[in-house]
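# Fold and contact review
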Amino acid sequence: MKELIAKYSTREAFLVAEVYAFRNQRDQAFVWLDRAYAQHEDDLPMTNLFPEPKNLHGDPRYSAFLKKIHLPTI
């Protein structure tokens, strides 16, 4: 994770969030989703299409995040 963060934190925070979500590290995943939002990353509109955030679906923060980026909630 350290290498991934060092390489992608300034332009691909969404990628880091996906890995944390895949590893079921929800708190860290949401930290990085918020960072991706703050960085206006291009992948955000496809958040609910990628399989990696599936581990976040039951978390109320995920629905709130989808609303924040104007996507339908799950």
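This is a predicted model, so every value here is computed, not measured.

What follows is about the overall build of the chain. Each helix and strand counted, the chain has four helices and zero strands in total. Of the regular secondary structure in the chain, the N- to C-terminal order runs α-α-α-α. Relative to its length of 74 residues, the chain is compact, with a C-alpha radius of gyration of 11 Å against a globular reference of 11 Å. Per-residue burial for the chain yields a buried fraction of 35% across its 74 residues. Looking at the chain alone, contacts between residues at least 24 apart form 49% of all its contacts between residues at least 6 apart.

Okay, the side chain of Ser9 next. Mapped onto the fold, Ser9 is located in the loop between helix H1 (2–8) and helix H2 (13–22). Residue contacts for Ser9: discarding those within four places in its chain leaves Leu4, Trp32, Arg35 and Gln39.

Okay, the packing of H2 against helix H3 (residues 26–38) next. Axis separation between H2 and H3 bottoms out at 8 Å; the angle between their running directions is 165°. Between H2 and H3, the angle falls in the class roughly antiparallel. Crossing of H2 against H3: the hand is left-handed. Side by side, H2 and H3 meet where Ala13, Phe14, Val16, Ala17, Tyr20 and Ala21 of the first sit next to Gln28, Ala29, Trp32, Leu33, Arg35 and Ala36 of the second. Among the residues forming the contact of H2 with H3, the class breakdown is 10 nonpolar, one polar and one charged.

Applying the stated criterion to the full structure yields three salt bridges. When the shortest N-O distance is used, the salt bridge between Asp34 and Lys68 registers 3.1 Å. Here Asp34, found in helix H3, pairs with Lys68, found in helix H4 (residues 60–68); they are 34 residues apart in sequence, far enough to count as distant. Classification of Asp34 as partly exposed rests on a relative accessible area of 36%. A residue is classified by how much of its surface remains accessible, and Lys68, at 35% relative accessible area, is partly exposed. Residues joined by salt bridges that share partners form a network here, namely Asp27, Asp59 and Arg61.

So, how was this worked out
Positions within a chain are numbered from 1, following the residues in the order the chain's sequence is written. Totals for whole chains, interfaces and linings use every residue, but because this is a predicted model, local features are given only for residues with pLDDT of at least 70 and side-chain atom pairs only at 80 or more, for both listing and counting. Excluding hydrogens and water, the side-chain values take into account all heavy atoms of the structure. Helix and strand labels come from DSSP, where a helix needs a run of H or I of at least four residues and a strand needs a run of E of at least two; each type is numbered from the N terminus. Put simply, the radius of gyration uses C-alpha atoms, and a globule should come to 2.2 Å times the residue count raised to 0.38. Each residue is assigned to one of three classes by its accessible area relative to the maximum for its type, calculated with a 1.4 Å probe on protein chains only: buried under 20%, partly exposed between the two thresholds, exposed over 50%. Residues are treated as being in contact if the distance between any of their heavy atoms lies within 4.5 Å. The axes are straight lines fitted to the C-alpha atoms, using for helices just the contacting stretch, and the angles between their N-to-C directions are given from 0 to 180°. In what follows, roughly perpendicular refers to angles from 65 to 115 degrees, roughly parallel to angles under 35, roughly antiparallel to angles over 145, and oblique to any angle outside these ranges. For any helix crossing, the convention is left-handed if the near helix is rotated counterclockwise from the far helix by under a right angle, and right-handed if that rotation is clockwise. Gly is put with the polar residues, along with every residue not named as nonpolar or charged; the nonpolar set is Ala, Val, Leu, Ile, Met, Phe, Trp, Tyr, Cys and Pro, and the charged set is Asp, Glu, Lys and Arg. Note on definitions: salt bridges are taken to be side-chain nitrogens of Lys or Arg within 4 Å of carboxyl oxygens of Asp or Glu.

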